[in-house]
Amino acid sequence: METAGESETKETLEPVRDNMQRHLSPLHTTPKSKEKKKKDDIKKKSTKVDDKKKENEDEDWDIPEERPQISSDGAAKIWDCLTRSSVFIISSCLFFIVLISTGLTRVIIHLMIWKLNPPNPSSAVYLNKFGGLLELVEERYFITNCSSECDSGYVRRNDLPSSWKCFSTTNSTSCKLLQETPTVNVWWIWGLIIIILVPDLYSLILGCWRICFKETDEFSVGMLLISIVVETLHSTGLCLLVFFVLPAFDPISASSLLYLVVFVPLFLSVISEFKFSQMTKTYYKISPQAGSVSQTYNNPEEKEGNGKQRKRDYFFYKLTQVIGIVFFGVSILVGIHYMIQNTVDEKEILCILFVVSILLVSVVYWENFLIFSSTESKEANTNQDTNEDTSTNPESSKEPNTNPEPSRNTNINQELPNSSRPKLSWKQFLVKYINSRREKVSSLTAIWKIILTIGLPYLIFTTRSIDEPLKVAEAISFLGTAKMKTLTGEVVLESQGYSSFGCQRNDIVLLIVIGIILGFISFKSARFACRVYLQIWCFSLPLTLSLLATPLVFISIMKFPLVWTIQECSIVQPLWELKFNDFREIWQIFLVGILGFFSCVLLTLYTWTNNGSKLLKCERLFRKPPYCGLFLDLSLLLTRCKDTTEQMEEEIDEETGLRTLQKKSEDYCLPFVYFCATMWHETETEMTQLFKSIFRVDYEQYLQREHQREIQQRRKGYINEDVYEFEVHIFFDDAFKPRTNKNGKPVKGIRVNEYVKTLEKVIPNTAKSEYRGFELEEVKKFETPYGARFEWTLLTDQKLIVHLKDKTKIRNRKRWSQVMYLYYLLIFKMSDVREEVKNNNKKQGVSIETFTSNTFILALDGDVDFKPEAVTLLLDRMKKNPLVGAACGRIHPIGAGPMVWYQKFEYAISHWLQKATEHVFGCVLCSPGCFSLFRGSALLDHNVMKTYTRKPTEAKHYVQYDQGEDRWLCTLLLKQKYRVDYCAASDALTFAPEGFYEFYKQRRRWAPSTMANILDLLMDGDNVRKNNQNISRPYIFYHICLFISSILTPGTIFLLILGAIITAFPSIEPWAALLFNGLPVAIFIISIFLAKEDTQLLLAAIFSTIYSLVMLVVLIGLLKEGIESQLCSVTTVFFCFVAGVFILAAIMHPKEFSCILHGLLYFLAVPSMSMLLIFYSVGNMHNVNWGTRESKVDNNDGSSAKMIQRQFLGQSCSIGDWCRCIMCVTEKKDDPVISDDSETDEDEHPKDEETKDEETKDEKPKELKPKNEPCDENETKNSKTMEECENKDTKKEKKEKKPKKDKADTRDEETKSPEGVAKKKSKDKPNPTEKKDKKKPGIFAKCEPITDKEQHFWTRFIKKYLKPEKQLNEIKREELQSELIDLRNKVFFFYFITNAIFVTIVYVLTQVNARESTLSIPLPCNVGDKQGTIEPISIAFTLVFGILLFVQFFGMLMHRISTISHIIATTKVCGNKLYTKKPIVKIEKPSAFQNDDVTPFKNDKKERTAKHRWNTVKWGIELQKRSSGLRKRDTKTLVDLKTTIREKLKTITENTEEVDKIASFYSDEPVSITSVRNPVRRPKPVKNNEEVSSSDTPGPSSS
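This write-up is about the structure you can find in this document. Bear in mind the structure is a predicted one, so any value in this text is a computation, not a measurement.

All right, on to the nonpolar core then. Core analysis: the largest hydrophobic core is formed by 145 residues, its most contacted members being Leu241, Phe243, Phe249, Leu493, Phe539, Leu630 and Phe631. Considering every element that reaches this core, the biggest residue donor is helix α6 (residues 186-213), with twelve residues. Among all residues touching Leu493, those that are not within four sequence positions of it are Val184, Val186, Ile189, Val472, Ala475, Ile476, Gly480, Thr481, Ala482 and Met484. Within the second largest apolar cluster, 118 residues are counted, among which are Phe851, Ala1073, Leu1118 and Tyr1403.

Here it is, written out as structure tokens:
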């Protein structure tokens, strides 16, 4: 703003300036004037240097500074503490669940087996009597003085339950509780059969589910034959063991003998270790890939330095296996000796069947212990390696691709014909069999096992029949009784309701159900522990303790049998008691148990060497079968994969559909994440929020690298999985505007707008705040074909790059910014990687897909806020499944006001229920662009990135492509078979619209795009289902129901309000209520077609307020009806159900529980958001403007009335745009249409000397005005003289007076091509004194050029895809608008007529039922004074909504389990927990403000009271000295921050123990790390005593 004095000075100088322009010209310049001009230029330069020095000196007095406020996030600390406590509690509970459930399952099974052959007092065999130590208690066995009561079968006794059945003896005065021949209830047999069958039933159901709803592998007859043979042997051995061998023993002996079922695994393990010891490393260490156990193959280069350590590891593991097989051999010999000693008859049969049964049972675990050489494994996985170069890498023989086209080497759907596939050898076939999932084969095998397991007991029992074999079969089938012979005597099979010792049939069934449930809980819990980094504490430890504790528990059970009687039912043998008289008879069984237990522990030693994997699929962690119901603990230990690496690679190939398998690299590929944010008109607060998040990530990653460096100094094989490379790219739309002078006249070049100026201030200020006073280095600026680029270097030596887009050179809007960074990062940046991979592919077997699969794009908005852990959690999702093409986090809206409160509840419900359900049952349909991670290989695939560049040519394209670009990109990924995941533990915050109008405009853009993309998927559902294995028919049907319900939502809300009006005002007739309710809707619909958008929004706001009051009436009516009906009303039940689901969902999300408080506002806004908003969105579908963050200048319609209003000041009034009156008119001095602010370009971006010389080369003599008189306020700041201003204006005026050149054309030319204008100007005005190397004007004055290669890429890319769209002529614009309006009319008519028909039908049927009551079903309860009824019409839609909500609630429960597992796996509870997101580095963030020389009040507390005043005075004197001395504070950069952090780390002794503990789990062999910046394996061994910089550690700084 100009003052009055400046205005008068300006008016006075006008005649002088005009006079100079008339009389002076460049031709009149004399040699004297030239010499004078040179002297003045030299003097001016020296004056400027002196001014700069003086300015710097003057800054020294400015001692006070503005320091950032360090906010303590107390809420975050509390939640972190609660999370740690919850994880500790869950981990402890998981340990006890696995231990107790597994132990109880084993106990129940052995008790049931013992019931098949109870001890017989008359038998001389001591096998089932614990070698004779289990004795019959005579006081319990015989009952005296019972006389005739024995005849009735029951007798009263003092210490035993009266329900126990007794039997008469030869002595008439006594009874006994056992028969001469023990009876066995066949329910015990069927209970054991069912427990054995449960794992097979689970495999069958799981296989059928995957066959029906997932993509499965090809069926192989060879695999089916192998599986049938193995499972037949296993089932045969299991039935022999359960129904013939183990019943001959007591539970202590039987549980000890089960340790010996490791027959085949133990021998295979020893053979494999000795055979392949020179090729494989068998002492298992933690692999850097997903925490899995892997085999690291020998490298000749590493052999020299680490040979001794490797040999020690090999020898130790071999020794453990040899000791294990020795223990096994001794224990089986001792066990056979024990059987022979305690058996009278059939000794040979028992010994032979025992050995055969344990051999057959252990055959099924051969897959996990048969280790092939690395060559055979690779040959099996690369059986089509001969076709690899031509089929999977079509560009391998070409030059690196710099053309802006997506790479076509990711054709993962390609299949080769069967005839072209080479045949596999038997070893290769076995490797493929082991690593395949074989769902179809497993399903058929499970059916066969079920048949076999049911039939074999019949065969076993009929062969042991004393009577006819048919009678035994009938007895097992509950059709009679039969006698059979066991190894210890005879038993009678019966099927009566009474079993023994007070137990009925129901008690047996209950025990069977408990055993099945506990077994399944143990199975799931143990597997869950391996997926959340709790394998040692919640898998290996409890299962091993269960193995050890089972015999010990039976000692107490058999010692005190009466204690285990529950409700007069005893499932043990209560008449027998364990007596410790003579241990000489049982030393063999104790030795068998001890040696067998240690052989099992040594065999499963690999389960103790790592703590599991982070969210890895159970199919990759465990071999088949899932578990064995007989010995649950040992089967889980034996099926835990010994080597998950090759299985994981094969699994990845099967999941991604690769038929031409490529060689797998043994390197660790470091993930590379590109942080890509799009900006436009963000405020300073929003920008600060984004850059705070980025700098937090930078600082956290630096600490992670320092943590990794510390451990690598001790163990070179350590890799921190949470370390990743990253680079930040900000793409700024519409960043420039033409340069203008004070009068609004255009000058040469362009300048950045006010938003970019804000960005330039925000980045260094935010960095200084986050780094505690340490500052970024100076920005580097580059000129690019699309505009300009600013670069900063971060703490981790990564780059923060801001791309400034000029809309005159490149396409505008968010989608085209995304296209821009997708091609730049995934095509141009990967070209060097492709070249290196091509050169080294033959030597190292490196594939470009390895790097594209580990390259990720984190799409961000310009106002998002997130923590470093959020990115790590999304990366975990990507690592878990290679088919995940995108992953999104939980978005939290922030802001103030009722609209933000509404959105908090809306976002919460959509994430809790809808996104969680989509994730569980299929795929998430939309990954929001504000915070989502995309996989590079998925984006590079066919029909994704290339299709995303498609320009809209039809009306529907504008709706689907540009209105919701993030949803359309996800649609393309889903069609190309990739999965989109939702990670609820990854939180991000973003600003939400705070105003009603802005919110409606945002949803006006989202709603049509959502409908268009969902409809696109549903219409192409068959192809999507075939391509994407995660999308099934039920999932398609679920979305069809949701789509139909969303269409009928306006009609449903209309009927809800209509019913509320009728209920609240009974005097109003239903037809009047219908008209009253339909009037606002009709007015709003008419306004959509006739009124402007602002008018529509005004009406929507008014009607929303009215409807919110109506919803209060609805709420009161529902509460009244609920109280009167007492849950007899369907409406009340449904309302309670919905409210209950929301409340339970909030309880299951305790961190977000406060969102439920906004549910009342959400309920009141239902008519507005579910009815009016839908009509508004569909009715304005033809409006394809962005709607939010629109610039006021952009919205200028150029109408004459508004132009007049801009040119004049005064009080105005108008009737729309028809009539406008302005009173007290004054003319504006500056035109805001031309210059939107009073700042000139010279003020914001001062020119360099050469540019100034160029602009003042034709200046006139300077005698006309004193040198020290300024021309205006701003030029005073830059020491500009009036003479310079005058000559500058003279030059501009001469330029405008050029013949044959229009003023507007000149401005366009200057704006679009500064270089061309400069060249043309030099041709028109040749000047011999002009310098040859002129710098470009404006922002490009100090910019550096980019490389020729990048320049070439951008030129071609912009020309092909991002060339600015030309302004459509009037005819084409009208045609496009006509198409959009026609589309709007069709869609709106469909919506309106559908809801109108729905409302009409329901209304008519309701009225008919109200008068005749023929369409209702009476209920046995009353609603007030009336009988409760159910109306089928209303209940039908209520059921649909209710079922959908129930499905979503179930999906939420499943997803919460997944989220909890993710949180447990990534949370450090206490002390040291490996592989977590938190670094071990315990260091407080350094501050550049900590080393101040003077700090007031720094004395001790005791002296503070006495010296308080003196310290104050002394501090003031010191401050005065500092001010008078003009001592400038030194600026500290990020280099100083690095030094400070390392110095602090050296002084901290707490980290040493934890680092040493972590290092002990890893090998000392260096790991080769590849990355996008280092695609060739270059292992860098780290010396233990050598100080290593962060750039030497594996990471981005190593490039």
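Moving on, there is more to tell.
We now examine helix α17 (residues 505-531). Look at α17: 40 Å from first C-alpha to last across 27 residues, which is about the 39 Å you get at 1.5 Å a residue. One or two steps after α17, the chain reaches Tyr533, where phi turns positive at roughly 60 degrees.

Here the focus is a negative patch on the surface. Judged by side-chain charge, Glu954, Glu1374, Glu1375 and Glu1379 come together as a negatively charged surface patch. Secondary-structure assignment places Glu1374 in helix α50 (residues 1370-1412).

It is worth spelling out the state of the cysteines at this point. Here is the idea: a disulfide is a covalent bond, and it sits between the sulfur atoms of two cysteines. Counted according to the given criterion, the structure contains one disulfide. With a sulfur-sulfur separation of 1.9 Å, Cys503 is cross-linked through a disulfide to Cys569. The disulfide joining Cys503 to Cys569 has a torsion of about 100 degrees about its S-S bond and is therefore right-handed. Residue Cys503 is located in the loop between β9 (489-494) and α17, and its partner Cys569 is located in strand β11 (residues 569-570); the two are separated by 66 residues in the primary sequence. The two residues Cys503 and Cys569 agree in class, both being buried.

It is the contact of helix α37 (residues 1070-1090) with helix α38 (residues 1093-1125), at a shortest axis distance of 10 Å, that shows an interaxial angle of 165 degrees. As the angle between them shows, α37 and α38 are arranged roughly antiparallel. Seen along the crossing, α37 lies across α38 with a hand that is left-handed. Residue-level inspection shows Asn1077, Pro1080, Val1081, Ile1083, Phe1084, Ser1087 and Ile1088 of α37 in contact with α38, the latter providing Gln1096, Leu1099, Ala1100, Phe1103 and Tyr1107. Considered class by class, the residues forming the contact of α37 with α38 number nine nonpolar, three polar and no charged.

With that settled, the discussion passes to the pairing of strand β18 (residues 780-784). On any regular strand, side chains alternate: one points to one face of the sheet, the next to the other face. Taken across its five residues, β18 has four buried, putting it largely inside the fold. The sheet contact formed by β18 and strand β19 (residues 787-793) spans five bridges and is antiparallel. Looking at β19, one finds that Lys781 is bridged to Phe790. Taking the residues that link successive antiparallel strands as the turn, the β18-β19 hairpin has two residues. Inspection of the sheet shows β18 paired to strand β28 (residues 1344-1345) by two bridges, in the parallel sense. Following the sheet pairing, Glu783 is matched in β28 by Pro1345.

Moving on: the packing of α37 against helix α41 (residues 1166-1179). Two numbers describe how α37 lies on α41: the axes approach to 10 Å, and their chain directions differ by 20 degrees. Put simply, α37 runs roughly parallel to α41. Viewed along their axes, α37 and α41 form a crossing whose handedness is right-handed. Contacts between α37 and α41 involve Val1081, Phe1084 and Ile1088 from the first element and Met1171, Leu1172, Phe1175, Tyr1176 and Gly1179 from the second.

About the thresholds
- The written sequence of each chain sets the order in which its residues are numbered from 1.
- Reporting in this predicted model follows two pLDDT cut-offs: at least 70 for local features of residues, and 80 or more for side-chain atom pairs to be given and counted; totals over whole chains, interfaces and linings ignore these cut-offs and use all residues.
- The basis for every side-chain value is the complete set of heavy atoms in the structure, and neither hydrogens nor water enter the calculation.
- What makes a nonpolar core is a set of buried Ala, Val, Leu, Ile, Met, Phe, Trp, Tyr and Cys residues whose side-chain atoms join them at distances within 4.5 Å.
- Burial here depends on accessible area, computed with a 1.4 Å probe over protein chains only, as a share of the maximum for the residue type. Under 20% is buried, over 50% is exposed, and the range in between is partly exposed.
- Only DSSP runs of H or I reaching four residues or more are called helices, and only runs of E reaching two or more are called strands; each is numbered from the N terminus.
- Between two residues, a contact is recorded if the distance between any of their heavy atoms is within 4.5 Å.
- To estimate how far a helix should extend, the number of its residues minus one is multiplied by 1.5 Å.
- Patches draw on residues past 30% relative accessible area with no salt bridge. Two like charges within 9 Å are joined, as are two nonpolar side chains (Val, Leu, Ile, Met, Phe, Trp, Tyr) within 5 Å.
- Surface accessibility in these figures is a Shrake-Rupley result with a 1.4 Å probe; residues are shielded only by whichever protein chains are displayed.
- Basic side-chain nitrogens of Lys or Arg form a salt bridge, by our definition, when they fall within 4 Å of a carboxyl oxygen of Asp or Glu.
- When charges are tallied, Lys and Arg are placed among the positive residues and Asp and Glu among the negative ones, while His and the ends of the chain are skipped.
- Lys charges are placed at NZ, Arg charges at CZ, Asp charges at CG and Glu charges at CD.
- Any two cysteine sulfur atoms within 2.5 Å of one another count as a disulfide.
- Inter-axis angles, ranging from 0 to 180 degrees, are taken between N-to-C directions of lines fitted to C-alpha atoms, where helices are fitted over the stretch in contact.
- Geometric relationships in this document are graded by angle, where less than 35 degrees denotes roughly parallel, more than 145 denotes roughly antiparallel, 65 to 115 denotes roughly perpendicular, and other angles denote oblique.
- Note: crossing handedness is left-handed where the near helix turns anticlockwise from the far helix by less than a right angle, and right-handed where it turns clockwise.
- Ten residues, namely Ala, Val, Leu, Ile, Met, Phe, Trp, Tyr, Cys and Pro, are considered nonpolar, four, namely Asp, Glu, Lys and Arg, are considered charged, and the remaining ones, Gly among them, are considered polar.
- Here, any two strands with at least 2 DSSP bridges between them count as paired.

Remember, this is a structural readout, not a statement about activity or role.
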